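Breakdown of the fold
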Amino acid sequence: MQGIIRNILLICACVCVCACTKDGEDESQEDFTFTRIVGKWETTSYYTSGGYFVPSMIDEYFDFTKEQTYTHNNDGTVRTGTYFFDPNNNHLHCEESKGWNLEINVSFESDNKATFDITGRTPNQSKIIKVERKTSQQ
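Residues numbered from 1 in each chain as written. Predicted model: local features only at pLDDT ≥ 70, side-chain atom pairs only at ≥ 80, totals over all residues. Heavy atoms only, no water.

Here we look at unusual backbone geometry
Phi at Q68 takes a positive value of approximately 65 degrees, unusual for a residue other than glycine. Here Q68 lies in the loop between β3 (60–64) and β4 (69–74). For N90, which is not glycine, the phi dihedral falls at a positive 55 degrees. As for its placement among the helices and strands, N90 is situated in the loop between β5 (77–86) and β6 (91–96). (Helix = DSSP H or I, 4+ residues; strand = E, 2+ residues; numbered from the N terminus.)

In structure tokens form, the structure reads like this:
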């Protein structure tokens, strides 16, 4: 009888340990997702039709929050909306209420430097820019 009770207690302990480990993994994945993109990313240069990057002379940034909202300031033109970030392929889908949605493929050079390959609804919205994260909201 004592052997049965001991085995039941061991099984319960194993189930509890497995459940705790899974919860910790979910939180880590969520933290990783947000840590990777959350913050204010300022444009440092843009890709030209000549095939090279030149320094940016305009005030442009993307600001992504943990609440999955974003602000895009393009030299005084400000758009806001919601976003979804897929950390498996480093892809951002940004949705704006008036339909000026953006698809952004992110190539991270480091934790705070990346290249945004942006596809918008118009050719003027589509571009490739190098960005640097100036502030992080972790």
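Regarding the nonpolar core
Core analysis: the biggest nonpolar cluster contains 19 residues, and I37, F64, Y83, L92, I104 and F116 have the highest contact counts within it. Contributing elements (two or more residues each) for this core: β3, β5, β6, β7 (102–108), β8 (113–119) and β9 (127–135). Here the element with the most residues in this core is β7; it accounts for four residues. (Core = buried A, V, L, I, M, F, W, Y, C linked by side-chain atoms within 4.5 Å. Buried < 20%, exposed > 50% of the residue type's maximum accessible area, 1.4 Å probe, protein only.)

A word on the pairing of β4
Pairing geometry for β3 and β4, over five bridges, is antiparallel. Along β4, the bridge assignment pairs F64 with Y70. Between β3 and β4, which pair antiparallel and follow one another directly, the connecting turn spans four residues, one of which, Q68, has a positive phi of 65 degrees. Here β4 runs beside β5; their pairing, made up of six bridges, is antiparallel. (Pairing = 2+ DSSP bridges.)

What to know about the pairing of strand β1 (residues 39–47)
Summarising the sheet, β1 and β3 pair through four bridges and their orientation is antiparallel. Following the sheet pairing, G39 is matched in β3 by F64. Judged from the six bridges that link them, β1 and β9 form a sheet pairing that is antiparallel. Directly across from Y46, in β9, lies its bridge partner I129. Hairpin connection from β1 to strand β2 (residues 53–55): five residues lie between these consecutive antiparallel strands, with G51 at a positive phi of about 95 degrees.

Structural notes on the packing of aromatic side chains
Within a pair of aromatic rings, the relevant descriptors are the distance that separates the centres and the angle that separates the planes. Following the criterion strictly, the structure yields seven aromatic pairs and no others. With a centroid separation of 5.0 Å and 75 degrees between ring planes, the pair formed by F64 and Y83 is classed as edge-to-face. Of this pair, F64 sits in strand β3 while Y83 sits in strand β5, and the two are 19 residues apart along the sequence. You'll find F64 and Y83 in the same group, each marked buried. Linked through ring pairs, W41, F62, F64, Y70, Y83, F108 and F116 together constitute an aromatic cluster. In this structure, R36 packs its charged tip against the face of F108, placed 3.9 Å from the ring centre. In this arrangement the basic side chain of K40 is found over the ring face of Y61, its NZ or CZ atom lying 4.3 Å from the centre. (Phe/Tyr/Trp six-rings, centres within 6.5 Å; stacked < 30°, edge-to-face > 60°. Lys NZ or Arg CZ within 6 Å of the ring centre and 35° of its normal.)

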